[in-house]
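Reading the structure
If you want the building blocks of each chain, they are given just below.
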Amino acid sequence: IRYTLGRGEKGIYTYAIFTHEPTYGATQIGESRYGMKLNGSLFDWLSIDDQRNMAMPNGHDWDLGTDLNMKEARLLTTGVKKGIAEHKYDYCTDQFDTPAFGWSSTKQHVGIYFINPSVEYLSAGPTHFELTGHLDDGDGGDPTLLDYWRGSHYGGAEAPIAANEDWNKVVGPIMIYVPTGGTPAELFADAKRQAKVEAAKWPYAWVNGVDYPKAAERATISGQMVLHDPQAPGTTLPNLLVGLAYPDQMPVEAPPAQPGAGGGRGGGSHLTWQNDAKHYEFWTRGTADGRFAIPNVRPGTYELHAIADGVLGEYAKANITVSAGGKVDLGKLEWVPLRYGKQLWQIGIPNRSASEFLHGNDHWHWGEYIEYAKLFPNDVNFTVGKSDYRKDWFIYQVPHDTLPDPQGKGQGRETPWKVNFTLAKAPAPSERGVLRLALSGVSARSLAVQVNGKDAGTVTGLAYNATINRDGVEGSWVEKDVNFDASLMHAGENTLMLIVPAGGITSGIAYDVVRLELAPPQQAAAQ
């Protein structure tokens, strides 16, 4: 671990060099982050983003609070948040969009912020949420500040390392920025300005003696994504994200993490850009017309990926070779989204998040799953063409709490959500229905599907990502397709039902989007 102090700088840089020699055995990296426990009598204001920029409770308030359904959550009975549940996950954020965050003091007018000048050394791509700052969940409730590069939250990331593998990774440098002399708002604005300054300096010229290519040894990769979707002609690519990641690889066996290493999944997983902490990734936000430029890419062989709001799935192109120095123009890249057949209807927006649904734009409050039964006593009954998913579709489909428990420990009954839709004509013989379920939060064991009262299939093999019980809308993303005989549908009115089984009231599904397609037999999806 190295520390560097620049002359005249309002802070200090730090970076860690992880090395696995060819003579070492198989292992994996557990949770790994730079962490601080701060002086609670000094730091009383937390700044993550515009929504979470506030005076915070102190350790005394935390100690007097009432325990809720998890050790990280307490109902406060004193202080600035009296009567409010304090939950450390309510300050998690998308690391890609939050280069500066930290604490400050209203009394001494000093701040302390982490600044990530690049995301190349972080993990799980541009959609990964992680812990940032919060009150420690132990006695005393110390102000805590964390900069994760390998975390286990919201699906998390992994770094399995095989026996005899020659591997290293440089994490950072990050900047620990310490401005003084202003209000919390002024200090946070200063930190965000400094983040832009640090990003412009990346890669730092002063880093030596480790695997850290300088600017002249890196390259810029550019191109233009051209969307070709006959069912949505003229569609642009809002919030386009394009990145270079290590090529998808098959599972690497590794021993279980040691006690205290964190709650991530063990070795043996299939590494992709969405769960990779082992390698470097390089991402940029493109324009709505598909243009992009990814700067400062290390030499190597990568797989190019692209995601955008409104497009279900992703674009991928393997074998992108990057050489030291220079620029690579990939030209126009045709993106043809996967479709099994004609789209009959869609609920939500493909954006790898449940943010567009009810409460999705203000979800950082403990216990939203408790609110479901109050808001939807008869469960969701959605009519295509009439209902509004912003109002009539909740962020979480969870077991319906029939005996509300304000501490969030309750059990709920099976929860059926109805989708009513009309077909002008009956499907042709042998046509197939393909229900495409894009999921951004998963804690249910299974999800059953019925069409007009008859079983159409059950989604199993769901991987828990702790998004719902951590008050999120964006965990590790997956699509699960249910393929069924279209003769279950008929001309006129139809009802499709999504059924979450009974269980704990955090055990449910957060949808990204739900889409029904009608496919000819030869193009039907494999269930």
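Our structure is the block above this text.
The following refers to the structure shown. (Residues numbered from 1 in each chain as written. Predicted model: local features only at pLDDT ≥ 70, side-chain atom pairs only at ≥ 80, totals over all residues. Heavy atoms only, no water.)

Our focus in this paragraph is unusual backbone geometry. Of note, the amide linkage connecting Gly172 to Pro173 takes the cis form, showing an omega dihedral of 0 degrees. Following the sequence through the fold, Pro173 ends up in strand β17 (residues 167-177). Of note, the amide linkage connecting Trp202 to Pro203 takes the cis form, showing an omega dihedral of -5 degrees. Take Pro203: it is sitting in the loop between α2 (184-201) and β18 (219-227). A positive phi angle, close to 70 degrees, is found at Asn164, a residue other than glycine. Structurally, the position occupied by Asn164 is in the loop between β16 (160-161) and β17. Looking at Asn164, the relative accessible area reads 52%, which means it is exposed. For Asn296, which is not glycine, the phi dihedral falls at a positive 60 degrees. Tracing the chain through its elements places Asn296 in strand β21 (residues 291-297). (Helix = DSSP H or I, 4+ residues; strand = E, 2+ residues; numbered from the N terminus. Buried < 20%, exposed > 50% of the residue type's maximum accessible area, 1.4 Å probe, protein only.)

Turning our eyes to something else, we now look at the environment of Asp471. Inspection of the secondary structure assignment puts Asp471 in the loop between β31 (454-459) and β32 (478-485). A relative accessible area of 0% means that Asp471 is categorised as buried. The spatial distance from the C-alpha of Asp471 to the C-alpha of Cys92 is 9.2 Å, given a sequence separation of 379 residues. If sequence neighbours within four positions are ignored, Asp471 has contacts with His87, Asp90, His363, Trp364, His365, Trp366, Gly367, Tyr369 and Tyr396. (Contact = heavy atoms within 4.5 Å.)

Here Gly65 is to be found in the loop between α1 (59-64) and β7 (66-67). Exposure remark for Gly65: the relative accessible area of 15% places this residue in the buried category. Taking C-alpha positions, Gly65 is 52 Å from Leu227, a pair spaced 162 residues apart along the chain. Those residues in contact with Gly65, other than ones at most four positions away along the chain, are Arg74, Leu75 and Leu76.

This brings us to the pattern of salt bridges. Scanning the entire structure with this criterion turns up 24 salt bridges. For the salt bridge of Arg33 with Glu31, the shortest nitrogen-to-oxygen distance reads 3.7 Å. A relative accessible area of 39% places Arg33 in the partly exposed class. Judged by relative accessible area, Glu31 falls into the buried class, the value being 18%. Arg285 is paired through a salt bridge with Asp97; the nearest N and O atoms lie 3.2 Å apart. Linking Arg285 in strand β20 (residues 282-285) with Asp97 in the loop between β10 (93-94) and β11 (100-104), this pair joins segments that are 188 residues apart in sequence. Look at the salt bridges and you will find they share partners, linking Glu120, Asp211, Arg218 and Arg298 into a network. (Salt bridge = Lys/Arg side-chain N within 4 Å of Asp/Glu carboxyl O.)

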